[in-house]
Amino acid sequence: MNRNNKASGDNLSAPLNAQRMASICRTLGCDTDVVVLPTVGSTNSWLLESDSTAEVTLCAAEHQTIGRGRRGKTWHSPDSGVTFSIRLNRPEPVTRFHGLSLLVGALLCDQLRDIGAADAMLKWPNDVLVKQAKLAGILIETSISASAESATTVVIGIGINYRRGPEAQLIDQNSTDLFQVCGPDLPDRSELIARVASRVIMAVAGDVPQAVENLSASWADYDALAGLEVAVDSGDAQVVGRTAGIDATGGLLLDTEHGRQVFSSAEVSVRSR
Ligand code: BTN
C-alpha cells in the first residue's frame, strides 16, 4: 500500500472480503452486517427476498448472473466489477424515499471524485457519467412491510464499472471504467464498496426528504444535463425541452415550449450539446 492507502494496481482483482468491508465501515463510523456472495442472480433481488430484520445489511457479489438496471435493462458486470446493494428496514412510509436515487448518486460522485474521478457527474436520475460515458448506475427498489404500512424495506443497488477487459471497452463506447478514468492507483474493491456504503448508510440514517431538498441547492455541482436540450420519456409522453435543475423533491425541471414541467420519473436522452 502507498501512503494514500491505494492498491497501486496489484490488489485490483483481490477477492471481496466481508470482514475487511465491515471493519472499514466501522472505522468510518458505520455499523452494518456484511455478506459477500461468490455468485448470485442480483444482489438487489437477494436482499429484497431476504427476511432480515437487521436495520442495515450490505451484500456484495463477485458475480451477478442476472444483474438488473432501471426500466428492465440488464446490468452486465464482468468479473472484477463492483456490484453491491444495501438493505434498510425503516419505520417510515415509502413516500419518504422519493429522490433517494439523486442523494445516493451525489454521494457516489463525491466518493468517486475523492479517488480521482474528478469529472464524475450525475445524469438525472441515477447514472454516474464521466465526460458523458457511464461509469456507474443505481437501482433503488422498495417494498412495503407486510406487517405495518408505515414500514418500508429499501434496497439501494450500486454497480460501478471498476476494471473491464478491452473487449468491453470496444463493445460499449458509451461507458467507461474506473481504471480507464483514474489509472491503477485505485482502492481495492472491498475498500471502495465499504467507503461508498458508509457514506450512503450514514446519510440516509437521517431525514431523506430534507437531504434531497439540501441537494437541490447544490445540484449544479453534480448536474451532467445542465442547460442541455433533452427528450424526456415519462412513459405517457415524450417531451422536449431544456433542463433547468431539480426541485426540492428531486423532480427534473424542464423548460418546454408550453412552460416549465416537472418530472418525478422518466428516461432522459440528450438532443444537443
Ligand atoms: C442502471 O444503471 O440502470 C442501474 C444499474 C444498477 C446495477 C446494480 S449492480 C448491484 C445491484 N444488483 C442489481 O441487480 N442491480 C444493482
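Residues numbered from 1 in each chain as written. Predicted model: local features only at pLDDT ≥ 70, side-chain atom pairs only at ≥ 80, totals over all residues. Heavy atoms only, no water.

Enquirer: Honestly, unusual backbone geometry in this entry has me stumped. Any pointers?
Expert: What you tend to see is this: most non-glycine residues have negative phi, and most peptide bonds are trans. Residue tryptophan 124 is joined to proline 125 through a cis peptide bond whose omega torsion reads 0°. Of note, proline 125 is situated in the loop between strand E4 (120–123) and strand E5 (127–130). A positive phi angle, near 70°, is found at glutamine 132, a position not held by glycine. Of the residues examined, glutamine 132 reaches a relative accessible area of 36% and is grouped as partly exposed. (Helix = DSSP H or I, 4+ residues; strand = E, 2+ residues; numbered from the N terminus. Buried < 20%, exposed > 50% of the residue type's maximum accessible area, 1.4 Å probe, protein only.)

Enquirer: Would you explain empty space enclosed by the protein in this entry?
Expert: If you roll a probe as big as a water molecule over the atoms, it shows you where there is empty space left. According to the stated counting rule, one finds 1 cavity of 30 Å³ or more in the structure shown. Estimates place the volume of the largest cavity at around 50 Å³. Contributing to the lining of the largest cavity are 13 residues, with Ser77, Pro78, Gly81, Ile160 and Asn161 lying nearest its centre. Residue classes in the lining of the largest cavity are distributed as 5 nonpolar, 6 polar and 2 charged. (1 Å grid on protein atoms, 1.4 Å probe; cavity = no way out; pocket = protein on both sides within 12 Å on 5 of 7 lines; lining within 4 Å. Points joined across faces, edges and corners; volume = space filled by probe spheres on them. Nonpolar A, V, L, I, M, F, W, Y, C, P; charged D, E, K, R; others polar.)

Enquirer: Where do I start with the packing of helix H1 (residues 18–27) against helix H6 (residues 189–204) in this structure?
Expert: Helix-helix packing: each pair is described by the crossing angle between the helix axes and the interaxial distance. Remark: H1 packs on H6, axes separated minimally by 9 Å, with the N-to-C direction vectors making an angle of 40°. Relative to H6, H1 is oriented oblique. For the element pair H1 and H6, the recorded crossing hand is right-handed. Mapping the contact onto sequence places Arg20, Met21, Ile24 and Cys25 in H1 and Ser190, Glu191, Ile193, Ala194 and Ser198 in H6. (Axes fitted to C-alpha atoms, helices over the stretch in contact; angles between N-to-C directions. Parallel < 35°, antiparallel > 145°, perpendicular 65-115°, else oblique. Left-handed = near helix turned anticlockwise from the far one by under 90°. Contact = heavy atoms within 4.5 Å.)

Enquirer: What's the story with the layout of surface pockets in this structure? I'm lost.
Expert: By volume, the second largest pocket amounts to about 540 Å³. For the second largest pocket, the lining is made up of 23 residues, of which Phe97, His98, Gly99, Ser101 and Ser264 are closest to its centre. Sorting the residues of the lining of the second largest pocket by element identifies helix H3 (100–114) and strand E6 (133–144) as the ones contributing at least two each. Taken together, the residues of the lining of the second largest pocket break down into 11 nonpolar, 10 polar and 2 charged. When residues of the lining of the second largest pocket are assigned to domains, at least three fall in each of domain 1 (3–219) and domain 2 (225–270). (Domains from an automatic or database assignment.)

Enquirer: Help me understand the site of the ligand, please; the structure alone is not making it clear to me.
Expert: Every one of the 20 residues lining the ligand counts as a neighbour, but Ser42, Gln64, Arg68, Arg70 and Lys134 are closest to it. Take glutamine 64: an N or O atom from its side chain is 2.9 Å from a nitrogen atom of the ligand. Here the ligand, which alone exposes 420 Å², has 98% of that area covered by the protein. Going through the elements one at a time, helix H2 (43–49), strand E3 (82–90), E6 and strand E7 (152–160) are the ones with two or more residues in the shell around the ligand. Considering every element that reaches the shell around the ligand, the biggest residue donor is E6, with 4 residues. Among the residues forming the shell around the ligand, the class breakdown is 5 nonpolar, 11 polar and 4 charged. (Near = heavy atom within 4 Å. Polar contact = N/O pair within 3.5 Å; in protein donor to acceptor, adjacent residues only side chain to side chain. Areas by Shrake-Rupley, 256 points an atom, 1.4 Å probe, with all protein chains shown as cover.)

Enquirer: How should I be thinking about the sheet that holds E4 in this particular structure?
Expert: By way of backbone hydrogen bonds, the strands of a sheet pair with one another, either parallel or antiparallel. Spatially, 7 strands are ordered E1-E2-E3-E7-E6-E5-E4 in an open sheet, and the strand pairing comes out mixed. The strands lining the two open edges of the sheet, one partner per strand, are strand E1 (33–40) and E4. Sheet twist, expressed as the average angle between the axes of neighbouring strands with direction ignored, equals 20°. In terms of strand pairing, E3 meets E7 through 9 bridges, oriented antiparallel. When the bridges of E7 are listed, phenylalanine 84 appears paired with isoleucine 158. Together, E1 and strand E2 (56–64) form the strand contacts of H1, whose direction differs from that of E1 by roughly 145°. (Pairing = 2+ DSSP bridges.)

Nothing here speaks to function; it is geometry throughout.
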